[in-house]
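Here is how the chains run, residue by residue.
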Amino acid sequence: MKSFLAIISGFAGFLFFEGFARLIITFYHRVDFQFYGISHFPSTVWVVVILLSVLTSTWLVSMLILTVTNKDSLLHAVIFGGVLIGWRAMEFYNSYQSEPLWYFGIVILLHLSGIFLAYQLYTKQHEITDPS
């Protein structure tokens, strides 16, 4: 049950971080809020900001999930990756006509990179603290 709650809470946290970055862009430029895609952003700089927020929030939330669950870290990382890939598949289904395909590919790679980096850091941390 703790694993399930950690993954669901992590997903909600990821949605909060990405949504917060999109909300800041929306208020700053006074454009309509869209939770999907990048085609409505006013410049390329904001696309980079969103992509960096995806990587950072994926890494941060993955570290939190791995720390809370504390066992079977590879399994939990894979499950959380599956949840995020499912979210992006839904996003692709809802907006593939208006968004560039490279965006979806890069976002999935950023999710996988963030989860991989979190898993590597988590396992290295436990190798250092538990040298048995």
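Above this text sits the structure in question.
Worth saying up front: this structure is predicted, and the values here are computed from it rather than measured.

Which residues make up helix 1 (residues 2–29), and what are the values?
Taking 1.5 Å as the rise per residue, helix 1 with 28 residues should run 40 Å; its terminal C-alpha atoms sit 40 Å apart, in good agreement. Every buried residue of helix 1 is accounted for by A6, I7, G10, F11, G13, F14, E18, G19, A21, R22, I25 and T26. Looking at the buried residues of helix 1, the elements they touch are helix 2 (44–69), helix 3 (73–95) and helix 4 (101–129). Where helix 1 ends, the next residue or the one after it, R30, has phi of about 55°, a positive value.

Describe in detail the pattern of salt bridges, supporting the description with residues and values.
Taken as a whole, this structure holds three salt bridges when the rule is applied. Salt-bridge contacts for R22 lead to E18; the nearest nitrogen and oxygen are separated by 3.1 Å. With a gap of four residues between them, R22 and E18 both fall in helix 1, about one helical turn apart.

Describe the nonpolar core, and please don't skip the residues or the numbers.
One finds F80 and L84 to be the most contacted residues of the largest nonpolar core, which totals 14 residues. Taken together, the elements giving at least two residues each to this core come down to helix 1, helix 2, helix 3 and helix 4. With near-sequence residues (within four places) excluded, L84 lies in contact with F11, F14, T58, H111 and I115. Core analysis: the next-biggest nonpolar cluster, separate from the first, contains 13 residues, I25, I38, W46 and F104 among them.

The rules we used
- Residues numbered from 1 in each chain as written.
- Predicted model: local features only at pLDDT ≥ 70, side-chain atom pairs only at ≥ 80, totals over all residues.
- Heavy atoms only, no water.
- Helix = DSSP H or I, 4+ residues; strand = E, 2+ residues; numbered from the N terminus.
- Expected span 1.5 Å × (residues − 1).
- Buried < 20%, exposed > 50% of the residue type's maximum accessible area, 1.4 Å probe, protein only.
- Contact = heavy atoms within 4.5 Å.
- Salt bridge = Lys/Arg side-chain N within 4 Å of Asp/Glu carboxyl O.
- Core = buried A, V, L, I, M, F, W, Y, C linked by side-chain atoms within 4.5 Å.

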